[in-house]
Amino acid sequence: MKGQLFVGVSKSEIDVPEGMKMAGYMGRDQGNIGTHDSIYTKAMTISNGLEKAILITNDMLCVDEEMVKKVVSKIKEEIDIEEKNVFVCAIHTHSGPEIIKWMPGVYIDDEHKKLKEKIIDTIAKNAIESTKNLILSYMKFGKSEINGLGSNRIDKDADFDNSVNVISFNTEEDKIVGVIVNHGCHPTILGLDNLLISADYPGVVQREIEQKYGENCICMFMNGACGDISTRFTRKSQDFDEVERKGMLLFDKVVEAMDNSLELDCNEIYCVKEYFNFPKKELPNRDVAMKHYEEAKSNRELALQGEISSDDKRLAETKYQGAAITLKLIDTLGNDYEINAPIQVVKVGGVAIVGVPVELFNEFGVSIKNNSKVKNTLVVGYTSGMLGYVYTKESYENGDYEAWSSIFGGIAGDFVVDKSLKLIEDIIKLRD
């Protein structure tokens, strides 16, 4: 073995009562009518005897800073651990509970605030449970490529990162304790009309991996740089049959990656979490924004009336939504605001996991991975927050929803890349 770790895993169901609102789509005002597939919070504790990290994934749209701070505080009541060593992210399903103000105009009432506190408690208790009964393990890393799950959702022919990255932790008897799956694609197979709680396609791959490798194995999905990646142009429908089909596509590629995986050095654990003032967008004046809104509205109406594909109609709809959100940002924020948020890196042996609190466009995730001094680097979005899209200059010029709905400036992508790479370098210096 190239190094040994002690690993513990745990999962707990996130209970969402009927009638609670669902997050992810504008205009879905009706509460959920039940649960199609259970959603979970999952935790993995990794320790080398001196240092430990707790990785937490949640089958929800997002987490926010308040949730992370409270989860960490509750964990610290039981365990001596620093905030930088607790990594909290969400898979970004659009069929989970609405407990966070994820978009201007979203209102969280007292009932949903109580649900948020209950979920925070569940996340913290589950994380604490993962620290118990740690098992001696070694780490393996594998990769594959997937075609047919997603594509660039603005330009379906654009290149993008289709890699599937898989970390597994195995016992000396070669039983798999935990699996981390990292791939970047919006879990938006289920659309606005769905009123059932679901983890979307990530729920399928997590379920299948856990069934394949035994009831004591836990699979955790960490979404990647998927700000402009989704199933918009690749899905055949927006129902649960399609969720199953797409999930099985990814499952097969996860198994392929695991079959081809190699053991890595894994006896070192380093963690860093640093807060930055992100570049903010200088919002246009209201006249310019209103002109853009009227143009987007007109194009949307023409698209809805014309004989074009549902994908193109969706594109026109989202551009209209982005223009409308810009007006809300002007009215609610103006230009008097700051964006202070963390970037986090957890390095376990030969793998670095970079967590960003944004919806990062794919090319920036690729840049982090290609320029990282750690060969096996994963980029994970929706970590410690979901503050908006980090987009390209071209996306803003095209009037895309992602760019026009964002609070970030046009240089934020390069900023995230530079700061992420600097944190990785800082961790390497700690080792030296």
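Keep in mind that what you see is a predicted model, and the values were worked out from it rather than measured. (Residues numbered from 1 in each chain as written. Predicted model: local features only at pLDDT ≥ 70, side-chain atom pairs only at ≥ 80, totals over all residues. Heavy atoms only, no water.)

J.: Could you clarify how one ought to interpret the pairing of strand β18 (residues 351-355) in this entry?
T.: On any regular strand, side chains alternate: one points to one face of the sheet, the next to the other face. In terms of burial, β18 is largely enclosed, as five of its five residues are buried. With burial as the criterion, each face of β18 is covered, one bearing V351, I353 and G355 and the other bearing A352 and V354. Where strand β17 (residues 340-348) meets β18, five bridges bridge the pair, whose relative direction is antiparallel. In the sheet register, V345 faces β18, and the bridge partner there is V354. Once β17 ends, the chain turns through two residues before running back antiparallel as β18, passing G349 with a positive phi of about 55 degrees. Bridge analysis of β18 against strand β20 (residues 376-380) gives five bridges, and the strand direction is parallel. (Buried < 20%, exposed > 50% of the residue type's maximum accessible area, 1.4 Å probe, protein only. Helix = DSSP H or I, 4+ residues; strand = E, 2+ residues; numbered from the N terminus. Pairing = 2+ DSSP bridges.)

J.: Just checking my understanding: could you explain the packing of helix α7 (residues 362-371) against helix α10 (residues 412-431) for this structure?
T.: Axes are the key here: two packed helices are described by the angle between their axes and the distance separating the axes. Two numbers describe how α7 lies on α10: the axes approach to 9 Å, and their chain directions differ by 25 degrees. Accordingly, the angle class assigned to the pair α7 and α10 is roughly parallel. Crossing of α7 against α10: the hand is right-handed. From α7, F364, S367, I368 and N371 reach across to α10, where they touch G413, D414, V416, V417, S420 and L421. (Axes fitted to C-alpha atoms, helices over the stretch in contact; angles between N-to-C directions. Parallel < 35°, antiparallel > 145°, perpendicular 65-115°, else oblique. Left-handed = near helix turned anticlockwise from the far one by under 90°. Contact = heavy atoms within 4.5 Å.)

J.: Help me out: how do you make sense of the side chain of H186 in this one?
T.: In this fold, H186 is placed in the loop between β11 (176-183) and β12 (196-197). Of the residues examined, H186 reaches a relative accessible area of 0% and is grouped as buried. One polar contact links H186 to H92, side chain to side chain, over a distance of 3.4 Å. Beyond its immediate sequence surroundings of up to four residues, H186 is in contact with H92, H94, R153, Y201, C226, G227, I229, S230, T231, E359, Y382 and Y389. (Polar contact = N/O pair within 3.5 Å; in protein donor to acceptor, adjacent residues only side chain to side chain.)

J.: I would appreciate a short explanation of the nonpolar core in the present structure.
T.: Nonpolar side chains tend toward joint burial in soluble globular proteins. Counting residues in hydrophobic clusters, the biggest one holds 116 residues, and the most contacted among them are I56, I75, I209 and L360. Each residue touching I56, except ones within four places of it in the same chain, is listed here: T41, K42, A43, V71, I75, V86, F87, V88, C89, I123, A127 and M220. Formed by 27 residues, the second largest nonpolar core is a distinct cluster that contains M44, F169, C266 and I353. (Core = buried A, V, L, I, M, F, W, Y, C linked by side-chain atoms within 4.5 Å.)

J.: Before we go on, may I ask you to explain the pairing of strand β6 (residues 86-90) in this structure?
T.: Among the five residues in β6, five count as buried, and that is most of the element. Burial of the side chains of β6 extends over both faces: V86, V88 and A90 are buried on one face and F87 and C89 on the other. Across five bridges, the pairing between strand β5 (residues 52-58) and β6 is parallel. In the sheet register, I54 faces β6, and the bridge partner there is V86. Remark: the β5/helix α1 (residues 65-76)/β6 crossover connection has right-handed handedness. (Right-handed = clockwise from strand over helix to strand, strands pointing away.)

J.: Teacher, can you tell me more about the sheet that holds strand β16 (residues 269-277) here?
T.: Hydrogen bonds along the backbone pair up the strands of a sheet, which may run parallel or antiparallel. Pairing is mixed across the open sheet formed by four strands, whose spatial order is β16-β17-β18-β20. Because the sheet does not close on itself, it has two edges, and the strands there are β16 and β20. Along the sheet, successive strands turn relative to each other by an average axial angle of 15 degrees, direction set aside.

J.: Help me out: how do you make sense of empty space enclosed by the protein in this one?
T.: A probe as big as a water molecule, rolled over the atoms, marks out the empty space that is left. Applying the stated criterion across every chain yields a total of three cavities of 30 Å³ or more. What the largest cavity holds in volume is close to 110 Å³. Residue lining of the largest cavity: D161, S163, N165, N182, H183, G184, G224, A225, N362, G365, K369 and V379, and that is the complete set. Taken together, the elements giving at least two residues each to the lining of the largest cavity come down to β10 (163-171), β11 and α7. The greatest single-element share of the lining of the largest cavity, amounting to three residues, is contributed by α7. (1 Å grid on protein atoms, 1.4 Å probe; cavity = no way out; pocket = protein on both sides within 12 Å on 5 of 7 lines; lining within 4 Å. Points joined across faces, edges and corners; volume = space filled by probe spheres on them.)

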